[in-house]
There are 2 protein chains.
Amino acid sequence: MPDVKGAVLAVGSELLLGDVINSNAAYLGHQLAAAGVEVVASAAVGDDLERLVTALRHHLVEADVVVLSGGLGPTVDDLTRNAVAHAFDLPLDRVPALEDGLRAKFAAYGATMPEAILVQADVPRGAEVLDNPVGTAPGLWLAVGDRVVIALPGPPHELRAASETVWPRLSARTGRAVTTRQVLVSGLGESAVAELVEAAVALPDGVALSYLAGGAVVRVRFTTSRDPSLLEPLVQSADRVLGKHVWGHDRQTLDDIVHEALAAAGQTVAVAESLTGGLLAAALSRRPGSSATFRGSAVVYATDLKRTLAGVPAQVLAGHGAVSAQTAAALATGARERLGSDWGVAVTGVAGPTEQEGHPVGTVHLAVAGPDSAPVVRSLRLPGDRDHVRTLSVTAALDLLRRQLT
Amino acid sequence: MPDVKGAVLAVGSELLLGDVINSNAAYLGHQLAAAGVEVVASAAVGDDLERLVTALRHHLVEADVVVLSGGLGPTVDDLTRNAVAHAFDLPLDRVPALEDGLRAKFAAYGATMPEAILVQADVPRGAEVLDNPVGTAPGLWLAVGDRVVIALPGPPHELRAASETVWPRLSARTGRAVTTRQVLVSGLGESAVAELVEAAVALPDGVALSYLAGGAVVRVRFTTSRDPSLLEPLVQSADRVLGKHVWGHDRQTLDDIVHEALAAAGQTVAVAESLTGGLLAAALSRRPGSSATFRGSAVVYATDLKRTLAGVPAQVLAGHGAVSAQTAAALATGARERLGSDWGVAVTGVAGPTEQEGHPVGTVHLAVAGPDSAPVVRSLRLPGDRDHVRTLSVTAALDLLRRQLT
């Protein structure tokens, strides 16, 4: 079967102006790749009918499948329906069943339906409607010769819901898949990882090797559109040469790994955090079902709360300061005791933008207290601005916990 | 002066495959627009030399300024330097000063420099180097006739640091600015906002009106490249017709508004949160200097912690359950008392994916307790999946606090 190529077009001037981050492109790219579609282009297009029509036609030259997101709302700057109709000279038909559905949705909430909403019942002739159970704008699937144009609503949860049936249909069309395996590493830089991996593996024909670094994690990626079993020995070689720095594979996340290790041991974790201000707790509560292993966090932003809420002894705070290895250790122990968990994880430090108690921005102390021994402490000097320091601290704390658990 | 048009090209197959969300495009789009550059295109390009060269040449047809992000690292899939050189037939020169700088950066950390790093000292002939104080890959500024190609490193904090000098230079070239004013609204849907605004304002020629809805916030946007003073009366009309649902303007965030109101009153806030699992605390600690008004949070994910850490009376939990208006009120009061703040904000509910205590996913109870009266409670049924419910809950909680403070 020939390659099936795909393009993603995210619609909205707000994407060009940078008012919104284009997270839909990532979701759509991942779904297309998994369905065996080679994603060759991803672009954002403004709310301009002519540019939309041009972009749609232009991308259909190379791509067999074009997926649009956004521009299906009820306001005057929502132009995707019109653009699809114009690009292929189709009339827009008002579909009575969709109109009835819109009226019913508003009635169910006891709300008055603005008349403008009814444009969402307009469909380019010949397009199939993709049901949107969580919003008012349905998606569209339009066959154009042997090619396909798919239009999906822009709000991410609506896009996911309305596209559920799309991915199995595309997989059936491509009949093949691109396989990617990833080795997930922390504690080593990208260059060091690359030197180790390239000395250890010999790439067979048809396998690509790439690296992806960000947020204190390096991902080693092997990709092939040939036999997927080519990849397993490469992953094993990378695992061997990278050793304990490997924390997972493929689409695992550090919080997945931590929760699974805790669940396997029948144990729980709690947090006491300062500079991360709740982000570590948010990471540990991200996963559905995390309440089985995550108990909670004392977000002790104010110094006195480190004592009153998280149980850091006053003499530790007075003697070493809030930003210290000793306070991190006491916070980890306090988290275990005050929040009643097997493991306690603590983060304290300076996120910036200015230094604190004489410690420069990026100074971070992490600690993990467990059931069997004294707390393990790790002191770091992290690069970047406030957001970056906070994000890296969460990853480093999860990784320190992971190293104690596994 | 004629219009200056711009394009953003984000480099990396990981963007096409959806392994990374393209946040750089938003940053670059915003910076270009503010510098008076009309952003006409934004695309992601894979790690493929031919496609990169083609995309670069293609976008330079319409755009006067093309900004590339990413692909400046030291590994084999980092092709931006080569693509810029190929596209304009320039040799790559190894620059001794950059080489010395790279060696010095590694020496300062006491680390061994992998030889591969030295490709980051290669510069297409004629390009200016943009200093990157927080990483090893410098940026590039290349004049191509009367057009400009700018290449920036991909890690967001490096991109920001290396592009600091770029924006004032571009502003000087354009000599004009596009002005956007935004009215920020919560508590009303996009269609309802649009109906109210369009009945109340008459748009002058040369002013565009658009709406942007997401995360429980609707942004009403007025944009012009003519006289910026055209916009102020439109903003005032929108403010009047939308009334108390308007919480801010332009690039303000809800946490900004809340911190400013607290600071003006000399007051502080603390949180007790369950389904948001630390996200509300993270939002309240995002802003630099937030420690002046934000004290901390009791993230009471486990039900017993609602009693032991946040002081919810056992009879409230037993009588009404963890997911109830009564528990939310007691959590807000408990946050004030246990964390020693003037205001307490609480969130409890069901994030999903499954119902809890018989309450469906999306059931959320918010409460705000203040110094002067009984807690205010708001009970909601939010749409979407786990992530979406958690995110909307944070916005709704900040908005409820804002309505009590202002």
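Residues numbered from 1 in each chain as written. Chains lettered and ligands numbered in written order. Predicted model: local features only at pLDDT ≥ 70, side-chain atom pairs only at ≥ 80, totals over all residues.

Quick notes on the overall build of chain A
Test applied: Only DSSP runs of H or I with at least four residues qualify as helices, and only runs of E with at least two residues qualify as strands; both kinds are numbered from the N terminus onward. Neighbour density around each residue's C-beta defines its exposure: 20 or more other C-beta atoms within 10 Å make it buried, 12 or fewer make it exposed, and counts between make it partly exposed, where C-beta atoms are placed from the backbone. The contact rule is simple: place each C-beta atom from the backbone, and if two of them lie within 7 Å, those residues are in contact.
Scanning chain A from terminus to terminus reveals 15 helices and 17 strands. Each principal axis of the C-alpha distribution contributes one length, and for chain A these read about 75 × 60 × 40 Å. Counting only residues that meet the buried cut, chain A has 54% of its 406 residues in that class. Taking contacts inside chain A between residues at least 6 apart in sequence as the whole, the part at least 24 apart equals 65%.

A short note on helix α14 (residues 325-339) of chain B
Residue and element names in this part refer to chain B. Note the following rule: One less than the number of residues in a helix, times 1.5 Å, gives the span that helix is expected to have.
For α14, with 15 residues, the first-to-last C-alpha span of 21 Å sits near the 21 Å given by 1.5 Å per residue. Along α14, 13 of the 15 residues are buried, which leaves the element largely enclosed by surrounding structure. In the segment just after α14, G340 is the residue with positive phi, at about 65°.

Here we look at the pairing of strand β16 (residues 363-369) of chain B
Residues and elements named next belong to chain B. The cut-off we apply is this: We treat two strands as partners when DSSP finds at least two bridges between them.
Most of β16 sits out of view: seven of its seven residues are buried. Covered by surrounding structure in β16 are T363, H365, A367 and A369 together with V364, L366 and V368, the residues of both alternating faces. In the sheet, strand β15 (residues 343-349) pairs with β16 via six bridges, with the strands oriented antiparallel. Residue pairing for β16: V347 is matched across the bridge by L366. The pairing of β16 with strand β17 (residues 376-381) spans six bridges and is antiparallel. Note on β17: the bridge partner recorded for H365 is S379.

Remarks on the sheet that holds strand β9 (residues 179-186) of chain B
Residues and elements named next belong to chain B. What counts is decided by this rule: Whenever a helix is involved, its axis is fitted only over the stretch in contact; in every case the axis is a line through C-alpha atoms, and angles between N-to-C directions fall within 0 to 180 degrees.
Strand order across the open sheet formed by four strands is β10-β11-β9-β12, with antiparallel pairing between neighbours. Each edge of the sheet is formed by a strand with only one pairing partner; in this case those strands are β10 (207-214) and β12 (246-249). On average, each strand axis in the sheet is tilted by 20° relative to the strand beside it, whichever way the strands run.

Quick word on the domain arrangement of chain A
Residues and elements named next belong to chain A. In plain terms, the rule: Each domain's extent was defined by an automatic or database domain assignment. The residue classification treats Ala, Val, Leu, Ile, Met, Phe, Trp, Tyr, Cys and Pro as nonpolar and Asp, Glu, Lys and Arg as charged. All others, Gly included, are polar.
According to the domain assignment, chain A contains domain 1 (4-174), domain 2 (179-249) and domain 3 (254-405). Relative placement of domain 2 and domain 3: their C-alpha centres are 30 Å apart. Taken together, the contacts link seven residues of domain 2 with eight residues of domain 3. Split into classes, the residues belonging to the side of domain 2 that touches domain 3 amount to three nonpolar, four polar and no charged.

Side note on the environment of D399(A)
Residue and element names in this part refer to chain A. With respect to the helices and strands, the residue D399 is situated in helix α15 (residues 386-405). Between the alpha carbons of D399 and P138 there is a distance of 42 Å; along the sequence they are 261 residues apart. Non-local contacts of D399, meaning those with residues more than four positions away in its chain, are made with S186, G187, W247 and L254.

What about the pairing of strand β8 (residues 147-152) of chain B?
As a general feature of sheets, a regular strand has side chains that alternate between the two faces. Residue and element names in this part refer to chain B. In terms of residue burial, β8 counts as a mostly covered element, since five of its six residues are buried. In this sheet, β8 lies alongside strand β3 (residues 65-69) in parallel orientation, the contact comprising five bridges. Bridge pairing in β8 places V65 opposite V148. In terms of strand pairing, strand β7 (residues 139-144) meets β8 through five bridges, oriented antiparallel. From the neighbouring strand, L142 faces β8, where its bridge partner is V149. Hairpin connection of β7 to β8: two residues between the antiparallel strands, including G145 at a positive phi of 60°.

Quick word on the relation of the copies chain B and chain A
Using the following cut-off: Our superposition of the copies is a least-squares fit, built on the C-alpha atoms of residues whose pLDDT is at least 70 in both.
Expressed as a screw operation, the relation of chain B to chain A combines 0.0 Å of axial shift with a rotation of 180°, fitting to an RMSD of 0.1 Å. Expressed as an axis order, the relation between the two copies is that of a two-fold axis. Same-surface contact between copies: 100% of interface residues of chain B are shared with the interface of chain A.

Points about the interface of chain B and chain A
With 71 residues of chain B at the interface, the matching set in chain A holds 71 residues. Broken down by element, the residue count for the side of chain B that touches chain A peaks at eight residues, all from helix α2 (residues 23-34) of chain B.

Some words on the packing of helix α10 (residues 254-265) of chain A against α15(A)
Residues and elements named next belong to chain A. For the record, the criterion: The cut-offs work like this: below 35 degrees is roughly parallel, past 145 is roughly antiparallel, 65 to 115 is roughly perpendicular, and the gaps in between are oblique. For any pair of crossing helices, the crossing counts as left-handed if the nearer helix is rotated counterclockwise from the farther one by less than a right angle, and right-handed if it is rotated clockwise.
In the contact formed by α10 and α15, the axes pass within 9 Å of each other and the chain directions differ by 30°. With respect to α15, the axis of α10 lies roughly parallel. Considering only the axes of α10 and α15, their crossing is left-handed. Taken together, the residues of α15 that come into contact with α10 (itself represented by L254, D255, I257, V258, A261 and L262) are T395, L398, D399, L401, R402 and L405. Of the residues assigned to the contact of α10 with α15, the class counts are eight nonpolar, one polar and three charged.

A look at unusual backbone geometry
Residues and elements named next belong to chain A. With an omega dihedral of 15°, the bond running from G352 to P353 counts as a cis peptide bond. Summarising the element assignment, P353 is placed in the loop between β15 (343-349) and β16 (363-369). Of note, D250 is a non-glycine position whose phi angle comes to about 60°, a positive value. Assignment of secondary structure puts D250 in the loop between β12 (246-249) and α10.

Observations regarding the sheet that holds strand β14 (residues 294-300) of chain A
One open sheet accounts for ten strands, arranged β17(A)-β16(A)-β15(A)-β13(A)-β14(A)-β14(B)-β13(B)-β15(B)-β16(B)-β17(B); its pairing is mixed. The open sheet has two free edges, formed respectively by β17 (376-381) of chain A together with β17 of chain B, since each of these has just one partner strand. Adjacent strand axes in the sheet meet at a mean angle of 15° when their direction is disregarded. Bridge analysis of strand β13 (residues 269-273) of chain A against β14(A) gives five bridges, and the strand direction is parallel. By the bridge assignment for β14(A), E273(A) is matched with V299(A).

Some details on helix α5 (residues 96-108) of chain B
Along its 13 residues, α5(B) runs 18 Å from first to last C-alpha, staying within 8% of the 18 Å computed at 1.5 Å per residue. Just downstream of α5(B) lies G110(B), where phi reads positive at about 65°.

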